[in-house]
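Fold and geometry: a report
Next come the chains, spelled out residue by residue.
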Amino acid sequence: MTRTERAVVIGGGIGGLTAAAALHRRGLHVTVLERAPSLQPVGAGISLSPNALRALDVIGLGDPIRDLAAWQGDGGVRTPGGRWLSRSSARAAAERFGGPLVLLHRATLIDHLAAQLPPDTVRTAADARLVDPGDENWPARVRTPDGELAADLVVAADGLRSAVRGTLFPRHPGPVYSGFTTWRLLIPVPGVDFASHETWGRGRIWGTHPLKDGRVYAYAAAVTPAGGHAADERAELLHRYGDWHDPIPAVLAAARPEDVLRHDVHHIAEPLPAFHRGRVALLGDAAHAMPPTLGQGGNQAVEDAIVLAHHHDDLGAYTAARLPRTTAVARQAVRIARLNLMTGRVGTAVRDTAIVGLSKARPALFLRGFDGIADWRPPQPPYASEHTQVG
């Protein structure tokens, strides 16, 4: 492929903005097209594990984001009654993977990424459609409300329902329902002190985590038919989780109905044949949407973006680097979803007993699940962070 000079990024989420920042650093002229009226996402948190933080080091954002880490003490997995099944700590995670786990508001990360770009790089309220993927002899073309743009590279970061993915691979079946729905809350909960945790019940999970700005990020998931919604989602959460251990009742008491976000979970069960065609590359959910059970959806999008910038003149190398890894991570996320959302009483009891036993024999059980994921490193040094261990 000829040298890339102009890139168009379709989608102004975390993956798209990371790609834009990384490509800009490599000297490309970048335009980001976001169909929403602004870049600000609906309120929710995102966890960034050491793999994504090392990727952000490449564009100089690793340390500013690490400074937002709030988890300092113990954490782990609990039962609805409050019993700990598995324990871990921030220090153990940092020692094992060479850095902290950071939980922050998505809007905070979006702001940091957007600040890496020149003025007027991002166009909001700009619905974009791929007209021609191009090839080595001619550029790709993208249609916008203001006319067509020609590009040496198009980055499709247009999410789960990616129109670009459908254009490139029309025979691919697309995403499927994962079998459960999720709720999310990001609110202040004054006077509540707790250890960061995820709680596993029968067909239900709950997570409560502190943010550095003093707010609490909580999420829940439950096995339900697709398409369900309650008139009052806070009341629905109270019904499902109101008798679970502290601080869950306090979090629900502090929430308003409008604070609760609910979304069904979908994932791409059949991997794409490639993450590129012509001069177009897919990344993030557009390429490999996965259940959130490993907290890796956004992290893998950040990895994609940095690797894509590294291979922007050779998209075949990008596919070769990312398709096997993201397929493996996505499959592990599906396996974890089946484990922590088990619905049978006997199976759930066996699961909990096994976790306790394995945790005693292998204390870092919770962390071992991230081996091969959180220890990933980007393809190019040097790293911006003085804290990153380069092996």
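Residues numbered from 1 in each chain as written. Predicted model: local features only at pLDDT ≥ 70, side-chain atom pairs only at ≥ 80, totals over all residues. Heavy atoms only, no water.

1. Notes on helix α12 (residues 345-361)
A rise of 1.5 Å per residue sets the reference length of α12, with its 17 residues, at 24 Å; its end C-alpha atoms lie 25 Å apart and thus fit the reference within 8%. Buried within α12 are the following residues: T348, R351, D352, I355, V356 and S359. The buried residues of α12 all sit within an arc of 130° when viewed along its axis, so they share a single face. Exposed residues lying more than 90 degrees from the buried face of α12 are V346, V350, T353, K360 and A361. (Helix = DSSP H or I, 4+ residues; strand = E, 2+ residues; numbered from the N terminus. Expected span 1.5 Å × (residues − 1). Buried < 20%, exposed > 50% of the residue type's maximum accessible area, 1.4 Å probe, protein only. Arc of directions from axis to C-beta.)

2. Observations regarding the packing of aromatic side chains
Applying the stated criterion to the full structure yields 5 aromatic pairs. Taken together, a centroid distance of 5.8 Å and an interplanar angle of 50° make the contact between Y217 and Y219 tilted. Accessibility assignment for this pair places Y217 and Y219 in one class, buried. Their ring planes at 50° and their centres at 6.4 Å tell us that F275 and Y318 sit as a pair that is tilted. With a gap of 43 residues between them, F275 in the loop between β16 (261-267) and β17 (276-277) and Y318 in helix α11 (residues 315-340) connect regions that are remote in the sequence. (Phe/Tyr/Trp six-rings, centres within 6.5 Å; stacked < 30°, edge-to-face > 60°.)

3. Thoughts on the sheet that holds strand β8 (residues 129-132)
Judged by pairing direction, the sheet is antiparallel, and its 3 strands sit side by side in the order β8-β9-β10 without closing on themselves. The open sheet terminates on both sides in strands that have one partner only, identified here as β8 and β10 (147-151). Pairwise comparison of adjacent strand axes, ignoring direction, gives a mean angle of 35° for this sheet. Bridge count between β8 and strand β9 (residues 140-144): 3 bridges; the pairing is antiparallel. Each bridged residue has a counterpart across the sheet, and for L130 the counterpart in β9 is V142. (Pairing = 2+ DSSP bridges. Axes fitted to C-alpha atoms, helices over the stretch in contact; angles between N-to-C directions.)

4. Things to note about the pattern of salt bridges
Oppositely charged side chains are able to pair whenever their charged atoms sit close together. Here the structure, examined in full by the defined rule, presents 15 salt bridges. Across the pair E148 and R143 runs a salt bridge whose closest N-O atoms are separated by 3.2 Å. Salt bridges sharing common partners tie together E303, D304, R322 and R325. (Salt bridge = Lys/Arg side-chain N within 4 Å of Asp/Glu carboxyl O.)

5. Concerning the packing of helix α2 (residues 50-57) against helix α10 (residues 297-310)
It is the contact of α2 with α10, at a shortest axis distance of 9 Å, that shows an interaxial angle of 30°. Of the possible angle classes, the one that applies to α2 and α10 is roughly parallel. The two elements α2 and α10 meet at a crossing, and its hand is left-handed. For the pair α2 and α10, the contacting residues are N51, A52, A55 and L56 in the first and N299, Q300, V302, E303 and I306 in the second. Each residue belonging to the contact of α2 with α10 can be placed in one class, and the counts come to 5 nonpolar, 3 polar and 1 charged. (Parallel < 35°, antiparallel > 145°, perpendicular 65-115°, else oblique. Left-handed = near helix turned anticlockwise from the far one by under 90°. Contact = heavy atoms within 4.5 Å. Nonpolar A, V, L, I, M, F, W, Y, C, P; charged D, E, K, R; others polar.)

6. Points about the nonpolar core
One finds L48, L56, L109 and L282 to be the most contacted residues of the largest nonpolar core, which totals 67 residues. Per-element accounting of this core gives the leading share, 7 residues, to helix α1 (residues 14-25). Here L109 is in contact with I14, I46, L48, L56, I65 and L104, once residues within four sequence places are set aside. One finds A220, I248, A255 and V260 within the second-largest nonpolar core, a separate group that totals 18 residues. (Core = buried A, V, L, I, M, F, W, Y, C linked by side-chain atoms within 4.5 Å.)

7. Some details on the pairing of strand β12 (residues 176-188)
Summarising the sheet, β12 and β16 pair through 6 bridges and their orientation is antiparallel. For W183, the partnering residue across the bridge sits in β16 and is R262. Two elements, β12 and strand β15 (residues 215-223), share 9 bridges in a ladder whose sense is antiparallel. Bridge assignment links T182 to a residue of β15, and that residue is A221.

8. Examining the sheet that holds strand β13 (residues 196-200)
Here 7 strands make up an open sheet; going across it, the order is β5-β4-β13-β14-β15-β12-β16 and the pairing mixed. Of all the strands in the sheet, the pair left with one neighbour each is β5 (84-89) and β16. Across this sheet, the average inter-strand angle for adjacent strands is 15°, counted without regard to direction. Two elements, strand β14 (residues 204-210) and β15, share 7 bridges in a ladder whose sense is antiparallel. Bridging across to β15, W206 finds its partner in A220.

9. Things to note about unusual backbone geometry
The linkage connecting D246 with the following residue, P247, adopts the cis geometry, with an omega of 10°. Mapping P247 onto the fold places it in the loop between α7 (233-241) and α8 (248-254). Not every positive phi belongs to a glycine, and D120 is a case in point at roughly 70°. The exposed category is assigned to D120, whose relative accessible area is 75%. Phi angles above zero are rare outside glycine, and A125 is one such case at about 50°.

10. Digging into α11
With 26 residues, α11 should reach 38 Å at 1.5 Å per residue; the first-to-last C-alpha distance of 36 Å fits that figure. Approximately 30° is the largest bend angle found in α11, and it occurs at R322, with the proline P324 only one to four residues beyond. (Bend = angle between axes of the 7 residues up to and from the residue.)

11. Thoughts on the pairing of strand β2 (residues 29-33)
The element β2 is largely enclosed, with a buried count of 4 among its 5 residues. Strand direction decides the pairing type here: strand β1 (residues 6-10) and β2, joined by 5 bridges, are parallel. When the bridges of β2 are listed, I10 appears paired with L33. Assessed by its sense of winding, the connection that carries the chain from β1 through α1 to β2 is right-handed. (Right-handed = clockwise from strand over helix to strand, strands pointing away.)

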